Amino acid sequence: MKFGTYTFLVVILLSIFSCKKEPVPVSECIEGCMDSLALNYNPEATIENESCLYFSNTPYVIETPYGFPNMNIPSDNPMTIEGVLLGEKLFKDPILSANNTQACINCHQQNFSFSEPNQYSTGIDNIQGTRNASALINIGWNTSFNWDGSSLTLEEQAFEPITNQIEMHNNWNNVESELNSHTDYPTLFKEAFDIDYIDSNHVVKAIAQFERTLISANSKLDRYLNNEEQLTISELNGYAIFNTEKGDCFHCHASQLFMDNQFHNNGLDIEPFLDLGRSKVTLNALDNGKFKTPTLRNIEMSAPYMHDGRFATLEEVVEHYDSGGKYSTTVDPLMKKLGIGLQLTNQEKIDLVAYLKTLTDHEFITQ
Amino acid sequence: MKKIFLFLTVISFFLSACKKEKGCMDPTATNYNSEATLDNGDCNYAPISGCTDNSAINYLATATTNDGSCEYLSVNLNFKHYVDGIELVVNEMIYTNPSSDNYSIQTLRYLISDITLHTNNGNKILLDEVHFIDISIDSTLTLNIPQINYQNYTSISFTMGLDSAKNITNLFLNENFFPSFVWPEFLGGGYHYMQLEGDFNTVFNGYTTHTGGASGIDFSFNKIFPIIDITDININMEITNWYKNPETIDLTTDGIMENIEKQIILKANGIEDVFSVN
């Protein structure tokens, strides 16, 4: 009986052991995250070491400056710290151009308020464009982009230069394959957007997020309005000219944004226009020769001026408005002192330029 | 023994006489008890279906169940613009103003605020706090306010521009008239009430009739008009009348935003007969 019981236990134990899998050889023990939903999922891991990291990006909060409206951020591209940092890296990386020689920042240089000092920009094939590179400053508050407003979002706009034949002259297949085989980008896109394959939509989303952080609201004028700094007599005179119908600058360069998100013909040329501007988009002849009002913030740093960069200095710009401009059928009624102009004295012109320079934000071009 | 029998009979008679049938005595109720002699207050009625929301046009006070048939008052405001009684045509030098200037109209944008419906007995409802009209943007030319409380509204009032409680810099940062309607702090702050622009006499001459709170003074004005068809209301602007009655004003509008005298005249002309409602 005792022997019988003993035999029974042995048989039971044997049967239990025989069910147990073969022990894994030590050489095949791979510790790692075994959750396929985790960012660092290791498909070869055999031992869960509880190292799994899951997707969580960090919201990036835009601080709305005094007197600015809320920034209009597309709901499908919320701002995140990861997205902004990725966007900045892409903005500065020539990988986006066909021959890896040009980045966005080549034509949108920070020390020129994210524009460039040349009248026209030159693309990778040494071909020049026909318009002056726009300054990228407070553009999160723009309701359309490019001088003719051809893009309605920053995301949409960012598609253009990359494939534009006289700019980066690339194609998206090429961009995507380079980014996907890059050592850093797949991880950065994963962190920012939780995607495993980098596509064009997410490239422009990241760039747009970065562009929305290019905010300037710390100029001498801002500090003056905040009672932190005094303006000179000349600057104050310029302030008065700007903000009354004497100079009548404020209708287009309105509010703390110093622009009106609209399109105007400011009397630069007679017809026929070399560049039709806004009507290229609207196909409406009433929009011929109209261009988007740029902000005047940091205007000192973003010479040359106008859509075609025809004026090298602010003095030339003031001279244009003082002259009254040239007649064309679509010239703005606000500009219609044709042949008369503003009739500013030389001192008043100096004062107006001095005021415009109080809009310079040194922090914006250095940080 | 007989006496006892009688006694019991009398008692039982009284007892049965005291016992009354209790029940619902309302013949319109579903549980009406025709035998009942004492109403127990427990009547059930057939549900009456209808609109039970008293803010609807077809509110049925006797309805007990809402059948989803409620219809609400929806008000449509149409903003229309005329010159000398004829519908506005833009960008054509076809008009002559009371000062004998030929002129065209290129831009017309303005703010109407505190749009309110009134009943005869003093009730009112605010339809919109501020509405921006731009003749070049079709969507601004109509304003539909759905689902408003139904009452017998007999008049509509509105303010041309913004009164001093509203005409404050930065108050309307996220409205569609920002930033183009900003009136510089330097000139009193707030917003333009109206930008009426075009050419006069020659295509080389622009005019800009801009009204607003010059020097911080309130030049807005309130108008009230009777209404008949409440669902479709036309608010008409006769543009020529800004320039006449009671006082004729020409299109030489240099410095108009600082010119208190001209703002006073434009306000007086505006009150007189610029607006009509039908």
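A quick note: this is a predicted structure, and the numbers were derived from the prediction, not measured.

Cut-offs used in this document
Residues numbered from 1 in each chain as written. Chains lettered and ligands numbered in written order. Predicted model: local features only at pLDDT ≥ 70, side-chain atom pairs only at ≥ 80, totals over all residues. Heavy atoms only, no water. Helix = DSSP H or I, 4+ residues; strand = E, 2+ residues; numbered from the N terminus. Contact = heavy atoms within 4.5 Å. Salt bridge = Lys/Arg side-chain N within 4 Å of Asp/Glu carboxyl O. Buried < 20%, exposed > 50% of the residue type's maximum accessible area, 1.4 Å probe, protein only. Pairing = 2+ DSSP bridges. Polar contact = N/O pair within 3.5 Å; in protein donor to acceptor, adjacent residues only side chain to side chain. Core = buried A, V, L, I, M, F, W, Y, C linked by side-chain atoms within 4.5 Å. Disulfide = S-S within 2.5 Å. Phe/Tyr/Trp six-rings, centres within 6.5 Å; stacked < 30°, edge-to-face > 60°. Lys NZ or Arg CZ within 6 Å of the ring centre and 35° of its normal. Expected span 1.5 Å × (residues − 1). Arc of directions from axis to C-beta. Buried area = accessible area lost by both parts, 1.4 Å probe. Nonpolar A, V, L, I, M, F, W, Y, C, P; charged D, E, K, R; others polar.

Caption draft 1: Here's a closer look at the side chain of Thr107 of chain B. Following the sequence through the fold, Thr107 of chain B ends up in strand β9 (residues 107–119). Residue contacts for Thr107 of chain B: discarding those within four places in its chain leaves Gln195, Leu196 and Glu197 of chain B.

Caption draft 2: View of the pattern of salt bridges. Residue and element names in this part refer to chain A. Evaluated as defined, the whole model comprises 18 salt bridges over all chains. Note that Lys220 is salt-bridged to Glu235, the shortest N-O span being 3.1 Å. Taken as a pair, Lys220 in helix α8 (residues 220–225) and Glu235 in helix α9 (residues 233–242) lie far apart in primary sequence, 15 residues in all. Across this residue pair, the class does not change: Lys220 and Glu235 are buried.

Caption draft 3: Layout of the pairing of strand β5 (residues 73–83) of chain B. All names here are of chain B. Bridge analysis of β5 against strand β11 (residues 142–148) gives five bridges, and the strand direction is antiparallel. Among the inter-strand pairings, Val75 is bridged to a residue of β11, identified as Ile145. With seven bridges joining them, β5 and strand β16 (residues 232–238) adopt parallel strand pairing. Residue Asn76 lies in a different strand from β16, and its bridge partner there is Asp232. Relative to strand β6 (residues 86–87), β5 runs antiparallel, the two sharing two bridges. Across the sheet, Val83 pairs through a bridge with Ile86, a residue of β6.

Caption draft 4: Representation of the environment of Asp134 of chain B within the structure. All names here are of chain B. Locating Asp134 in the fold gives a position in strand β10 (residues 124–134). For Asp134, a relative accessible area of 6% gives the class buried. Within polar-contact distance, the side chain of Asp134 engages the side chain of Ser136 at 2.9 Å.

Caption draft 5: Broad picture of the nonpolar core. Grouped together as the largest cluster of nonpolar side chains are 132 residues, with contacts concentrated most on Leu90 and Leu96 of chain A together with Leu77, Tyr110, Leu117, Trp242 and Phe275 of chain B. Ignoring any residue separated from it by four or fewer positions in sequence, one finds Phe275 of chain B in contact with Tyr110, Ile112, Phe158, Met160, Phe221, Phe225, Ile235, Asn236, Met237, Trp242 and Gly270 of chain B.

Caption draft 6: Representation of the state of the cysteines within the structure. Within the structure shown, the criterion is met by three disulfides over all chains. In this model, Cys33 of chain A is linked to Cys52 of chain A through a disulfide, with the two sulfur atoms separated by 2.0 Å. With the S-S bond torsion at 100°, the cross-link from Cys33 of chain A to Cys52 of chain A turns out right-handed. Taken together, the residues span a long stretch of sequence, with Cys33 of chain A in the loop between β1 (31–32) and β2 (47–48) and Cys52 of chain A in the loop between β2 and α2 (81–91) at a distance of 19 residues. The same class applies to Cys33 of chain A as to Cys52 of chain A, namely buried. With a sulfur-sulfur separation of 2.0 Å, Cys51 of chain B is cross-linked through a disulfide to Cys70 of chain B. Looking down the S-S bond of the Cys51 of chain B and Cys70 of chain B bridge, the torsion is 105°, so its handedness is right-handed. One end of the pair, Cys51 of chain B, is in the loop between β3 (49–50) and β4 (65–66); the other, Cys70 of chain B, is in the loop between β4 and β5, with 19 residues separating them in the sequence. According to the relative accessible area criterion, Cys51 of chain B is buried, its value standing at 1%. Not part of a disulfide, Cys107 of chain A finds its nearest cysteine sulfur in Cys104 of chain A, a span of 8.9 Å. Here Cys107 of chain A falls in the buried class, since its relative accessible area comes to 15%. We note that Cys252 of chain A lacks a disulfide partner, and the nearest cysteine sulfur, in Cys249 of chain A, lies 9.2 Å from it.

Caption draft 7: Spotlight on the packing of aromatic side chains. Within this structure, the stated rule accounts for 28 aromatic pairs over all chains. On the basis of an interplanar angle of 70° and a centroid distance of 5.5 Å, the ring pair of Tyr239 of chain A and Tyr355 of chain A is categorised as edge-to-face. Within this pair, whereas Tyr239 of chain A is found in helix α9, its partner Tyr355 of chain A is found in helix α12 (residues 346–357), the two being separated by 116 residues in sequence. For the ring pair Trp242 of chain B and Phe275 of chain B, a centre distance of 6.3 Å and an interplane angle of 85° mean the geometry is edge-to-face. Highlighted residues: Trp242 of chain B in the loop between β16 and α2 (260–273) and Phe275 of chain B in strand β17 (residues 275–277), separated in sequence by 33 residues. The cationic tip of Lys89 of chain A hangs over the ring face of Tyr185 of chain A; the distance from NZ or CZ to the ring centre is 5.2 Å.

Caption draft 8: Up close: α2 of chain B. Residue and element names in this part refer to chain B. Taking 1.5 Å of rise per residue, the 14 residues of α2 would be expected to cover 20 Å, and the 21 Å separating its terminal C-alpha atoms lies within 8% of that figure. Taken together, the buried positions of α2 are occupied by Lys262, Gln263, Ile265, Leu266, Asn269 and Gly270. Summarising the axial view, the buried residues of α2 lie within an arc of 160°, below the 170-degree limit, and thus occupy one face. Turning to α2, the residues buried within the fold contact β14 (202–212), β15 (221–226) and β17. One side-chain oxygen of the residue at the start of α2 lies 3.2 Å from the amide nitrogen of Glu261, identifying that residue as Asn259.

Caption draft 9: Highlighting the interface of chain B and chain A. Across the boundary between the two partners, chain B contributes 31 residues, which contact 27 residues of chain A. Of the roughly 2300 Å² buried between chain B and chain A, counting both surfaces, carbon and sulfur atoms make up 58%. Our count for the contact surface shared by chain B and chain A stands at seven residue pairs in polar contact (both at pLDDT 80 or more). Elements represented by at least two residues in the side of chain B that touches chain A include exactly β13 (192–200) and β14 of chain B. In terms of residues, the side of chain B that touches chain A owes the most to one element, β14 of chain B, which gives seven residues. Split by residue class, the side of chain B that touches chain A holds 12 nonpolar, 14 polar and five charged.

Caption draft 10: Spatial organisation of helix α7 (residues 200–212) of chain A. Residue and element names in this part refer to chain A. For α7, with 13 residues, the first-to-last C-alpha span of 18 Å sits near the 18 Å given by 1.5 Å per residue. Of all 13 residues in α7, 12 are buried; the element is thus mostly enclosed. If you check which residues of α7 are buried, you get Ser200, His202, Val203, Val204, Lys205, Ala206, Ile207, Ala208, Gln209, Phe210, Glu211 and Arg212. Of the surrounding elements, those touching the buried residues of α7 are α2, α4 (154–163), α5 (172–180) and α6 (185–193).

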